[in-house]
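Descriptive analysis of the structure
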Amino acid sequence: MKSLWSDAEAAQFSGPLGPRVYTSRLLGRDKSLVLHGGGNTSVKLREKNLFGEEEDVLYVKGSGWDLETIEPAGFSPVTLGYVRRLAALKSLPDPQMVNELNTHMLRAGAPSPSVETILHAILPHRYVDHTHADAVLSVSNAPEGEKRIREIYGERVVVIPYIMAGFDLAAYCAREFPKQAKGNTVGMVLLSHGIFSFAGDAKESYELMIELVSMAEEYLARKKAWHIDYGSAKGTSFSREDVAKLRRAMSDQAGFPMLLKVNDSPKFLGFAQRRDLEKLALQGPATPDHVIRTKPFPMLGRDVAAYALRYREYFKKNTQTTGEAKTMLDTAPRMALDPQLGFVAAGRTTRDTLIVEDLYDHTIDVILRAEALGGWRALEQKHTFDIEYWDLEQAKLRKGGSPPVFTGEVALVTGAASGIGKACVEAYLKRGAAVVGLDRNAAIETMWKRPDVLGITCDLTDAKAIQLALDKAIKRFGGVDMLVLNAGIFPSSQAIQDIGAESWRSAMAVNVEANLLVMQACHPLLKLAPRTGRIVVIGSKNVPAPGPGAAAYSASKAALNQLARVAALEWSKDAIRINSLHPNQVFDTALWTEEVLAQRAKAYNLTVEQYRKNNLLRQEVSSKDVAELAAEMCGPLFAKTTAAQVPVDGGNERVV
């Protein structure tokens, strides 16, 4: 492991918290140290209060902040002296501990201090860094883990047995740390949890962390347990429908829609195909902290009902041990290992699935390195249960709150790079959906830099391209719940006698046949949507009221309209609803070039400005207007509506 410290970078971080922010980010950059909000850092500063009196303040990472991106505002300032006194109490229930920490913050609006705040307070060093380094976990979770840790570090670290983060851990460390610490002690290892480094200087504390973790890596290398052989995975064939079926079963078990992310890389596939998979995978997580995201064990294979039964037995067994009333969480898995699929991460949001995937990616390394040292050993299940059903986590459940309406669902939008399609992507994202955007414009792939949008370049007239695009979509999100058929072309204005065969064929190929191909490919997925499938067809005012000079466009949109009506008849047995929107004169779309706009205005003997508001309400219709209604038609207000045709045109007297 190498230090990432740069004097030039460090100079950009000014102010009392500057060095603390910088080295926290350095730790966060290395995923083998911390992942997704894991780890903790703090600094003790002496500051003047409002009366000019100096007081000691502990700035500790606040809840909800990630080390990789933390800002000064992400650190919670608390009264150091008071927090240190808490460690001397005989007991302090965690909810009361949180209250004490929150009521002794020195900045209104600061995030809640970490549950490890007291632990940071009692360590007698200015800078304290805490990570969940993979290498250290591999050693401590191997046979004779404590002995190995002491062999590696000697007096340089204090070694603490596993105790759940919170008051009990801080109180134990307050008693034990002075007993073990020597003049050359620079760190502390919490077995099966993580490692601390500390110093009077930010750079020194950070580089001590790098040094200590490197020592664990070197130990693993000496024991021939560092370089991992993931094995040679047997090739498998990918089935979209199999993934969609698994997603449906998981969602039904959870009681809400879930997204899946499939990783069939050689590493995950090789691990899922191991003969000793059950022995390795079912022991528990690399560190109990992961359980909030992953549940205590993965599902092996695809039997969701069997997993739910195992989880209920786990809950019953451990609640009997604790003797406390607990509210059982849903019984759906958050991870699956399958010899054909590899690894499947499940969650209510895309971010959830990415976190689960990252955590298990590193868990595999920890497991296999510990196994190479003589045998992987997870902590007793009781410790995992204690964190999963921690009072503080149970309190979050009681607070509840409703997620956005499309949370856990997937919308696929065609023609998504501009106009109505692009506005639809935004409308569905706003309602919590993950979105797949298809467009022949390659810009679609980089238009949204966020994990819940997958942009794919795709020519919808190419059946094979559609199949490949759907494979990518299902690996990323697990299914399709909502389909917005928006892609289309508007040929230049021509009288019927002047329409060329190619122009006619092109309109039919894009506006009708391409939509048929997409519908056919998506039908098996829509059938398996947890809340039933929904399709919105972006039609046109030209369906009920065609205009002169637009025969190819009007005929193709009318054909699409008939296709949607027949699909509503045929697919109702699959609980798939299909509704159409008929916009008119939506000028912020790719269809309406200046040339086309001028041609259509001329056909109606209007100026361009008159043509823009040529409706009963004299209102220009925007892409967003259409997109918002498209999204609503997939929501609960239209749950009992299918085969509807709704105008979005400001009122057209020819339609009225």
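Residues numbered from 1 in each chain as written. Predicted model: local features only at pLDDT ≥ 70, side-chain atom pairs only at ≥ 80, totals over all residues. Heavy atoms only, no water.

**Quick word on the sheet that holds strand β6 (residues 187–190)**
For the record, the criterion: Here a strand pair is declared whenever DSSP counts at least two bridges between the two strands. Secondary structure elements follow DSSP: runs of H or I no shorter than four residues count as helices, runs of E no shorter than two count as strands, and numbering proceeds from the N terminus. Structural elements are reduced to axes, namely lines fitted to C-alpha atoms, with helices fitted over the stretch in contact, and the angle between N-to-C directions of any two is expressed from 0 to 180 degrees.
Spatially, β3-β2-β1-β4-β7-β6-β5 is the arrangement adopted by the 7 strands of the open sheet, whose pairing is mixed. Whereas interior strands pair on both sides, the edge strands pair on one side only; in this sheet they are β3 (75–79) and β5 (157–160). Averaged over all adjacent pairs, the angle separating strand axes in this sheet is 20 degrees, with direction ignored. In this sheet, strand β7 (residues 194–199) lies alongside β6 in antiparallel orientation, the contact comprising 4 bridges. Considered in β7, the bridge of Met188 is made with Phe196.

**Focus on the side chain of Thr287**
We count it as follows: The cut-offs for exposure are 20% and 50% of the maximum accessible area for each residue type, with area from a 1.4 Å probe on protein chains only; residues under the lower value are buried, those over the upper are exposed, and the others partly exposed. Whether two residues are in contact is decided by their heavy atoms: any pair within 4.5 Å suffices.
Along the chain, Thr287 falls in the loop between α12 (277–281) and α13 (291–294). Under the relative-accessibility criterion, Thr287 is labelled buried at 0%. Apart from the residues lying within four places of it in its own chain, the contact partners of Thr287 are Leu137, Ser192 and His193.

**Looking at the state of the cysteines**
Keep this limit in mind: When the sulfur atoms of two cysteines come within 2.5 Å, that pair is taken as a disulfide.
In the structure shown here, the tally under the stated rule is 0 disulfides. The thiol of Cys424 is not disulfide-bonded; the next cysteine sulfur, from Cys634, is found 8.9 Å away. Accessibility expressed as a relative area gives 0% for Cys424, which makes it buried.

**What about the pattern of salt bridges?**
Selection criterion: The salt bridge definition used is simple: a Lys or Arg side-chain nitrogen within 4 Å of an Asp or Glu carboxyl oxygen.
Applying the stated criterion across every chain yields a total of 33 salt bridges. As a salt-bridge pair, Arg293 and Asp352 come within 3.8 Å of each other at their nearest N and O atoms. Remark: Asp352 occurs in helix α15 (residues 350–372) and Arg293 occurs in helix α13; sequence separation between them is 59 residues. A salt bridge links Glu409 to Arg534, with the shortest nitrogen-to-oxygen separation between them at 2.4 Å. Here Glu409 is found in the loop between α17 (391–399) and β12 (410–414), whereas its partner Arg534 is found in strand β16 (residues 534–538), with 125 residues between them in sequence. Here Glu409 and Arg534 have matching classes, each one buried. One salt-bridge network, in which partners are shared between bridges, spans Lys430, Arg431, Glu628 and Glu632.

**A word on the packing of helix α19 (residues 463–477) against helix α20 (residues 501–527)**
To keep things clear, this is the line we draw: Rotating anticlockwise by less than a right angle from the far helix to the near helix defines a left-handed crossing, while the corresponding clockwise rotation defines a right-handed one. Side-chain classes follow a simple rule in which Ala, Val, Leu, Ile, Met, Phe, Trp, Tyr, Cys and Pro form the nonpolar group, Asp, Glu, Lys and Arg form the charged group, and the remainder, Gly included, forms the polar group.
Viewed as axis vectors pointing N to C, α19 and α20 meet at an angle of 35 degrees, and their least axial separation amounts to 10 Å. Crossing angle aside, the handedness with which α19 passes α20 is right-handed. Note on element contacts: α20 touches α19 through Ala514, Leu517, Val518, Ala521, Cys522 and Leu525, opposite Ala463, Ile466, Gln467, Leu470 and Ile474. Of the residues that constitute the contact of α19 with α20, the class distribution is 10 nonpolar, 1 polar and no charged.

**Brief notes about the environment of Thr41**
Inclusion rule: Polar contacts here mean pairs of N or O atoms no more than 3.5 Å apart (in protein, one a potential hydrogen donor and the other a potential acceptor; neighbouring residues in sequence count only if both atoms are side-chain atoms).
With respect to the helices and strands, the residue Thr41 is situated in strand β1 (residues 40–48). Through-space distance from the C-alpha of Thr41 to that of Phe196 is 9.3 Å; in sequence the pair is 155 residues apart. Among the polar contacts made by the side chain of Thr41, one reaches the side chain of Ser24 at a distance of 2.8 Å.

**Section: helix α10 (residues 240–254)**
Applied cut-off: Here the expected span of a helix is defined as 1.5 Å times the quantity of residues minus one. By arc we mean the arc of the directions from the helix axis to the C-beta atoms, nothing more.
Under the 1.5 Å per step criterion, the end-to-end length of α10 is 21 Å for 15 residues, consistent within 8% with the ideal 21 Å. By the burial criterion, the buried members of α10 are Arg240, Val243, Ala244, Leu246, Arg247, Met250, Ser251 and Ala254. One face of α10 carries all of its buried residues, which in axial projection span an arc of 160 degrees. Gly255, located one to two residues past α10, shows a positive phi value of around 90 degrees.

**Thoughts on the nonpolar core**
The following threshold applies: Only buried residues count toward a nonpolar core. Its members are Ala, Val, Leu, Ile, Met, Phe, Trp, Tyr and Cys residues joined through side-chain atoms within 4.5 Å.
By size, the foremost hydrophobic cluster in this structure holds 61 residues, and its most contacted members are Met250, Leu483, Ile535 and Ile578. The element that contributes the greatest number of residues to this core is α20, accounting for 7 residues. In terms of nonpolar packing, the next biggest core, distinct from the first, is built from 54 residues, Ile195, Met209, Phe271 and Val356 among them.

**Overview of unusual backbone geometry**
If you check the backbone angles, Lys224 has positive phi at about 60 degrees while not being a glycine. Residue position: Lys224 is located in the loop between α9 (202–222) and α10. A positive phi is found at Arg618, a non-glycine position, where the angle reads about 55 degrees. If you trace the backbone, Arg618 turns up in the loop between α23 (608–612) and α24 (623–633). By relative accessible area, which is 54% here, Arg618 ends up exposed.

**Observations regarding the packing of aromatic side chains**
For clarity, the cut-off: Only centres within 6.5 Å qualify two rings of Phe, Tyr or Trp (six-membered ring in Trp) as a pair; their planes then separate them into stacked at under 30 degrees, edge-to-face at over 60, and tilted for everything else. Criterion for a charge above a ring: Arg CZ or Lys NZ at most 6 Å from the ring centre, at most 35 degrees from the ring normal.
If you walk through the whole model with that rule in mind, you get 17 aromatic pairs. Considering the side-chain rings of Phe13 and Tyr22, the 5.1 Å spacing of their centres and the 35 degrees angle between planes classify their relative orientation as tilted. By relative accessible area, Tyr22 is classed as buried at 1%. Taken together through their ring pairs, the aromatic side chains of Phe297, Tyr307, Tyr311, Tyr314, Phe315, Phe385 and Tyr389 make up a single cluster. A cation over a ring is seen here: Lys295 above Tyr311, with NZ or CZ 4.2 Å from the ring centre.

**Some thoughts on the sheet that holds strand β9 (residues 299–300)**
Ordered by their spatial adjacency, 4 strands build an open sheet running β8-β11-β10-β9, and the pairing between neighbours is mixed. Both edges of this open sheet fall to β8 (259–263) and β9, since each of them pairs with a single strand only. Sheet contacts for α15: β8, β10 (335–338) and β11 (342–347); angle to β11, the most-contacted strand, approximately 140 degrees.

**Quick notes on the packing of helix α2 (residues 18–29) against α9**
Spelled out, the test is: Comment on the angle field: the value is read as roughly parallel under 35 degrees, roughly antiparallel over 145, roughly perpendicular from 65 to 115, and oblique elsewhere.
Where α2 contacts α9, the two axes come as close as 9 Å, and the packing angle between them is 15 degrees. Here α2 is positioned roughly parallel relative to α9, judged by the angle of their axes. Viewed along their axes, α2 and α9 form a crossing whose handedness is right-handed. Contacts between α2 and α9 involve Pro19, Thr23, Leu26 and Leu27 from the former and Ala202, Lys203, Tyr206 and Met209 from the latter. Split by residue class, the contact of α2 with α9 holds 6 nonpolar, 1 polar and 1 charged.

**Notes on the pairing of β16**
Heads up, the rule is: Note on handedness: a clockwise path from strand one over the helix to strand two, with the strands aimed away from the viewer, defines a right-handed crossover.
Across the 5 residues of β16, 5 count as buried, placing the element largely inside the fold. Residues Arg534, Val536 and Ile538 of β16 are buried on one face, and the alternating residues Ile535 and Val537, pointing to the opposite face, are buried as well. Here 4 bridges tie strand β15 (residues 482–485) to β16, and the two strands are oriented parallel to one another. By the bridge assignment for β16, Leu483 is matched with Ile535. Regarding topology, α20 serves as the crossover connection from β15 to the parallel β16, and that connection is right-handed. Following the backbone out of β16, through helix α21 (residues 551–571) and into the adjacent parallel strand β17 (residues 577–583), one traces a crossover that is right-handed.

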